[in-house]
Amino acid sequence: MGLMSKILGETGSSRQTGDYVELSAEDFETDATEADTTVRIARISDQQDVIDIKDAVYDGDIVIADITRHTTQDQTMEHITDELKQVAGEVGGDIVQKDDDQLIITPSGVAISRERLGR
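Counting from 1, residues in each chain are numbered in the order their sequence is written. Local features in this predicted model are restricted to residues whose pLDDT is 70 or higher, and side-chain atom pairs enter the listing and the counts only when it is 80 or higher, whereas totals over whole chains, interfaces and linings include all residues. Hydrogen atoms and water are omitted, and side-chain values are computed over all heavy atoms in the structure.

As annotated in an unreviewed UniProt entry, the protein carries the name Putative cell division protein and is attributed to Halapricum desulfuricans.

Okay, structure coming up:
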């Protein structure tokens, strides 16, 4: 069985739970000091969380922020989004909302495509 057959599967075959490997963050040794850009994960619960996100973007990091605690029509979320749009504009970066649950904010030199890969 070739590599692509393993990835895509063959006609009539079904994938089993044993075909997958569970990954844990502890399985990988990382040294963030060697990277030029770091992808940071954040959760926006209230206005205070925006400060850390702004600092990370100003430092050149990409931030993926979980906004599931807010609705997109929430006044607080509108204010937070406006603040983060301003930060992305100030650094020459980009910002996009992915579905109703995430904001992605990038620094200068990183653009976010509005088209999804695949189907």
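Peer 1: Run through helix H3 (residues 75-91), naming residues and quoting values.
Peer 2: Secondary structure follows DSSP: runs of H or I at least 4 residues long count as helices, runs of E at least 2 residues long count as strands, and numbering of each begins at the N terminus. Here the expected span of a helix is defined as 1.5 Å times the quantity of residues minus one. Here H3 is 17 residues long and its end C-alpha atoms lie 25 Å apart, about the 24 Å a rise of 1.5 Å per residue gives. We call a residue buried when its accessible area falls under 20% of the maximum for its residue type, exposed when it is over 50%, and partly exposed in between, using a 1.4 Å probe and counting protein chains only. Within H3 the residues assigned to the buried category are Met77, Ile80, Thr81, Glu83, Leu84, Val87, Ala88 and Val91. One side of H3 carries all its buried residues, which in axial view fall inside an arc of 160°. Every exposed residue of H3 that faces more than 90 degrees away from the buried side is listed here: Gln75 and Gly89. Contacts are residue-level and defined by heavy atoms, with any inter-residue pair within 4.5 Å sufficient. As for H3, its buried residues are in contact with helix H2 (49-58), strand S3 (94-98) and strand S4 (102-106). Phi turns positive one or two residues past the end of H3, at glycine 92, with a value near 75°. Starting at the helix axis, one direction is taken to each C-beta atom, and the arc is that of these directions.

Peer 1: Go over the sheet that holds S3, please, and point to the residues and values.
Peer 2: Two strands qualify as a pair provided that DSSP identifies no fewer than 2 bridges between them. As summarised here, the arrangement of the 4 strands in space is S1-S2-S4-S3, forming an open sheet in which the pairing is mixed. Taken across any chain shown, the strands that pair with only one partner, and hence form the sheet edges, are strand S1 (39-43) and S3. Taken over all neighbouring pairs, the strand axes of this sheet differ in orientation by 15° on average, direction set aside. Both S1 and strand S2 (residues 62-66) contribute to a ladder of 5 bridges, which runs parallel. Directly across from alanine 42, in S2, lies its bridge partner alanine 65. Axis lines are fitted to C-alpha atoms, over the contacting stretch for helices. Their N-to-C directions set the angle, which ranges from 0 to 180 degrees. The strands touched by H2 within the sheet are S1, S2 and S4, with S2 carrying the most contacts at an inclination of about 160°.

Peer 1: Lay out the side chain of threonine 106 with the relevant residues and their values.
Peer 2: Examined against the element boundaries, threonine 106 turns out to sit in strand S4. Its relative accessible area of 2% is what places threonine 106 among the buried residues. Reaching out from threonine 106, the side chain makes a polar contact with the backbone oxygen of valine 110 at a distance of 2.7 Å. Setting aside its immediate chain neighbours within four residues, threonine 106 contacts Val57, Ile62, Val91, Gly93, Asp94 and Ile112. Between N or O atoms, a polar contact is any pair within 3.5 Å; within protein, one atom must be a potential hydrogen donor and the other a potential acceptor, and residues adjacent in sequence are included only when both atoms are from side chains.

Peer 1: Quick one: what's the story with unusual backbone geometry, residue by residue and with numbers?
Peer 2: Unusually for a residue other than glycine, aspartate 99 sits at a positive phi of about 55°. Residue placement: aspartate 99 occurs in the loop between S3 and S4. Given the relative accessible area of 46%, aspartate 99 is considered partly exposed.

Peer 1: Could you give an account of the pairing of S3, with specific residues and numbers?
Peer 2: Strand direction decides the pairing type here: S3 and S4, joined by 5 bridges, are antiparallel. Across the sheet, the residue bridging to aspartate 94 is threonine 106, located in S4. Here S3 hands over to S4 after 3 residues, with aspartate 99 in that stretch at a positive phi of 55°.

Peer 1: Break down the nonpolar core for me, with residues and values.
Peer 2: Core analysis: the biggest nonpolar cluster contains 18 residues, and Ile44, Ile53, Val63, Ala65, Leu84, Leu103 and Ile105 have the highest contact counts within it. Secondary structure elements with two or more residues in this core: H2, S2, H3 and S4. Top contributing element to this core by residue count: H3, with 6 residues. Leave out the neighbours within four places in its chain, and valine 63 touches Arg40, Ala42, Ile53, Ala56, Val57, Leu103, Ile104 and Ile105. Here, nonpolar core means buried Ala, Val, Leu, Ile, Met, Phe, Trp, Tyr and Cys residues that are tied together by side-chain atoms lying within 4.5 Å of each other.

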